[in-house]
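Observations on chain architecture
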Amino acid sequence: MTETVEDGPQHVKARVEMVRGMDQGGVVLPTRLAEAFLNTPRHPFVPAFYRREAEKFVPQHSTDGDLSRWLSQVYADDSLITEVDGVHAEDAGASPVEGVPTSSSTAPSLMADMLDALDVRPGTRILEVGTGTGYNAALLCDLAGAENVTTVDYSERLTRTAQARLGALGLHPVVHHGDGAQGVPTRAPFDRIIATCSVRRIPTSWFDHLAPDGIMVAPIKGALAGGMLARLKRRPDGTAGGHILHTPAAFMPLLSGKQQLCPVPEPTGGMSRSSELSGSVLDDWTFSFFAELHLNATTLREYHRETDGPHVTTLFDLRDGSCTRVTDQPEAPAVRVHVSGPRDLWAPIEKAHNHWLSLNRPRREWFTITTTPDVQTVTYTDPSGRPHHWAL
Ligand SMILES: C[S@@+](CC[C@H](N)C(=O)[O-])C[C@H]1O[C@@H](n2cnc3c(N)ncnc32)[C@H](O)[C@@H]1O
């Protein structure tokens with residue numbers, strides 16, 4: 001596939017406006033990062049994407065309307081969904097589709113926060129897990145030099161397209177089709193590893209492939225809304241330590257092996273009780289990352305709110321089949337909890353919420369993270385000097 005890139009004054013203006021916008025709100029982009037975003041066009045990587053409309057995703061193509069309207073969407077500081085259930089927007093017709101997004105171009109300001117934390121210099125050897133459109137890989141090429149960049153994606157359709165689009169800009173990093181959970185051993189070691197899909201625990205191979213003093217930025221997310229971004233530095237003894245970034249991030253999950261999206265069932269039988277805590281507390285990203293630390297990694301969540309209806313959240317643990325549904329009610333008791341299976345999955349969240357309040361709602365960036373070959377631990381040390389630990 002040979003692609004040509006049109007990058008006229010309108011495209012450049014849209015790009016400058018985007019970078020100017022990312023610079024507002026008290027956050028100033030480091031000069032080198034601003035240059036990278038100014039140098040790197042986004043539009044060649046997203047000739048089509050989906051616009052979300054309620055439960056549906058509507059394909060938008062660059063050829064659909066006038067250029068300025070299209071550019072205003074491409075150069076907004078928003079994520080652009082490019083694939084739903086494995087169907088790329090470029091392969092979709094005009095009709096809306098339903099499903100789960102499986103690839104996107106991340107919101108530029110979130111990319112900037114992650115690249116800033118990654119601390120990329122010219123010559124730094126980098127692995128990106130989650131090539132997607134290739135736009136972030138292009139930024140990495142600008143920052144480190146294309147010959148130092150390796151990027152991997154699970155989808156052959158995506159790596160093939162990204163490689164062609166990078167090539168059209170004169171960028172030739174190694175674009176690898178494979179399971180990023182395994183890293184890319186043939187190119188290791190890396191001075192930096194950045195993941196743009198989320199994991200519940202950081203795969204061991206990423207530590208194995210990270211050079212001593214190397215830095216990793218990885219989204220950690222389970223079933224709940226607000227994922228966290230971990231920044232870790234590898235120590236000479238093979239362990240790693242670092243902190244959680246202030247930016248919440250809800251990246252799509254790293255899919256590995258036979259793991260597939262599994263539906264959450266209805267709770268059947270069991271018992272019912274009341275609660276003081278609505279399931280909507282899990283929609284609050286400031287609490288949900290803390291709540292996640294109290295759930296098994298095998299827990300799934302489904303939630304919905306009917307029009308003018310109650311908030312309903314269901315937790316299901318694949319490991320033992322426990323299923324708990326939490327429903328808001330218009331009359332007392334305000335919250336009804338239906339528990340089926342061996343364990344009440346709402347009880348640890350109620351406990352976690354009380355603990356979080358007693359700790360005065362600590363911010364995510366006050367938490368640290370350490371890893372050994374066997375254990376990954378998140379820690380908050382309260383103002384009295386007492387550490388609180390959670391295993392991932
Ligand atoms: C948010 S998108 C990545 C965005 C990308 N960095 C960009 O600039 O467009 C997440 C990507 O992770 C990929 N992914 C999911 N599981 C993966 C795996 N096991 N290995 C590599 N990539 C994976 C998806 O195919 C998807 O393209």
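Residues numbered from 1 in each chain as written. Predicted model: local features only at pLDDT ≥ 70, side-chain atom pairs only at ≥ 80, totals over all residues.

Next up on the list: the overall build of the protein chain. Counting its regular elements, the protein chain contains 9 helices and 20 strands. Along the first, second and third principal axes, the C-alpha set of the protein chain runs to 60 × 55 × 45 Å. Within the span of the protein chain, comprising 392 residues, buried residues form 43% of the whole. Relative to all contacts within the protein chain whose residues are 6 or more apart in sequence, the contacts with residues 24 or more apart total 60%. (Helix = DSSP H or I, 4+ residues; strand = E, 2+ residues; numbered from the N terminus. Buried ≥ 20, exposed ≤ 12 C-beta atoms within 10 Å, placed from the backbone. Contact = placed C-beta atoms within 7 Å.)

Within helix H4 (residues 108–118), 10 of the 11 residues are buried, leaving the element largely enclosed by the surrounding structure. What H4 keeps buried is the set Pro108, Ser109, Leu110, Met111, Ala112, Asp113, Met114, Leu115, Ala117 and Leu118. Next to the buried residues of H4 lie helix H1 (9–22), helix H2 (31–39), helix H5 (135–144), strand S9 (190–195), strand S10 (210–220) and strand S11 (228–234). Immediately downstream of H4, the backbone of aspartate 119 shows phi near 55°, a positive value.

For helix H6 (residues 156–168), spanning 13 residues, the distance from its first C-alpha to its last is 18 Å, which sits close to the expected 18 Å at 1.5 Å a residue. Turning to H6, its buried residues number three or more, namely Leu158, Thr159, Thr161, Ala162, Gln163, Arg165 and Leu166. Buried-residue contacts for H6 involve strand S5 (101–105), H5, strand S7 (149–153) and strand S8 (174–177). At the C-terminal side of H6, glycine 170 shows a positive phi close to 80°. (Expected span 1.5 Å × (residues − 1).)

Near the ligand lie 25 residues; those nearest to it are Gly130, Gly132, Asn136, Gly180 and Cys197. If you list the elements that add at least two residues to the shell around the ligand, you get S5, H5 and S7. Examining the composition of the shell around the ligand, we find that 3 residues originate from one element, S5, more than from any other. Its residues placed into classes, the shell around the ligand shows 11 nonpolar, 12 polar and 2 charged. (Near = placed C-beta within 6 Å. Nonpolar A, V, L, I, M, F, W, Y, C, P; charged D, E, K, R; others polar.)

Turning our eyes to something else, we now look at the sheet that holds S9. Spatial ordering of the open sheet is given by S8-S7-S6-S9-S10-S11-S12-S18-S19-S20, a layout of 10 strands whose pairing is mixed. Pairing within the sheet leaves two strands with one partner each, and these edge strands are S8 and strand S20 (387–391). The sheet shows a mean angle of 20° between the axes of neighbouring strands, taken without regard to direction. Strand direction decides the pairing type here: strand S6 (residues 126–129) and S7, joined by 4 bridges, are parallel. Bridge pairing in S7 places valine 129 opposite valine 152. Its contacts with the sheet put H4 on S9, S10 and S11, and the angle it makes with S10 is roughly 160°. (Pairing = 2+ DSSP bridges. Axes fitted to C-alpha atoms, helices over the stretch in contact; angles between N-to-C directions.)

This brings us to the pairing of S8. With 4 bridges connecting them, S7 and S8 associate as parallel partners. Bridge assignment links threonine 151 to a residue of S8, and that residue is valine 175. Taken together, S7, H6 and S8 constitute a β-α-β crossover, and its handedness is right-handed. (Right-handed = clockwise from strand over helix to strand, strands pointing away.)

Core analysis: the largest hydrophobic core is formed by 98 residues, its most contacted members being Met114, Leu115, Leu139 and Leu140. The leading source of residues in this core is H5, at 8 residues. Counting residues domain by domain, this core receives three or more from each of domain 1 (9–244) and domain 2 (271–357). Setting aside residues up to four positions removed in sequence, methionine 114 forms contacts with Ile194, Val217 and Leu229. (Core = buried A, V, L, I, M, F, W, Y, C linked by C-beta atoms within 7 Å. Domains from an automatic or database assignment.)

Attention now goes to the packing of H1 against H2. Where H1 meets H2, the closest approach of the two axes is 9 Å, and the angle between their N-to-C directions is 150°. As summarised for this structure, H1 and H2 are arranged roughly antiparallel, according to the angle between their axes. Considering the relative orientation of H1 and H2, their crossing is right-handed. Across the interface between the two elements, Arg15, Val16 and Val19 from H1 touch Ala34, Phe37 and Leu38 from H2. The residue makeup of the contact of H1 with H2, split by class, is 5 nonpolar, no polar and 1 charged. (Parallel < 35°, antiparallel > 145°, perpendicular 65-115°, else oblique. Left-handed = near helix turned anticlockwise from the far one by under 90°.)

Right, let's talk about the domain arrangement of the protein chain for a bit. Each assigned domain of the protein chain is listed with its residue range as follows: domain 1 (9–244) and domain 2 (271–357). Distance from the C-alpha centre of domain 1 to the C-alpha centre of domain 2: 32 Å. Across the boundary between the two partners, domain 1 contributes 9 residues, which contact 12 residues of domain 2. Here the residues of the side of domain 1 that touches domain 2 are counted per class, giving 4 nonpolar, 3 polar and 2 charged.

Quick look at the environment of leucine 254 now. Note that leucine 254 resides in the loop between strand S12 (240–244) and strand S13 (271–275). Sequence-wise, leucine 254 and tyrosine 154 are 100 residues apart; in three dimensions their C-alpha atoms are separated by 8.7 Å.

For residues besides glycine, phi is generally negative; the peptide bonds are generally trans as well. The residue after alanine 188, namely proline 189, is reached through a cis peptide bond having omega 5°. The residue proline 189 is located in the loop between S8 and S9 in this model. If you check the backbone angles, alanine 54 has positive phi at about 50° while not being a glycine. Here alanine 54 lies in the loop between strand S1 (48–53) and strand S2 (56–61).

Taking burial as the measure, the 5 residues of S7 include 5 buried ones, the bulk of the element. In this region the chain leaves S6, passes through H5 and returns to the parallel neighbour S7; the handedness of that crossover is right-handed.

If you trace the 5 strands from one edge of the open sheet to the other, you get S13-S17-S16-S15-S14, paired in antiparallel fashion. Across the chains shown, the open sheet's two edge strands, defined by having one partner strand only, are S13 and strand S14 (299–305). Strand-to-strand twist of the sheet, defined as the mean angle between neighbouring strand axes without regard to direction, takes the value 15°. Both S13 and strand S17 (residues 335–340) contribute to a ladder of 5 bridges, which runs antiparallel.

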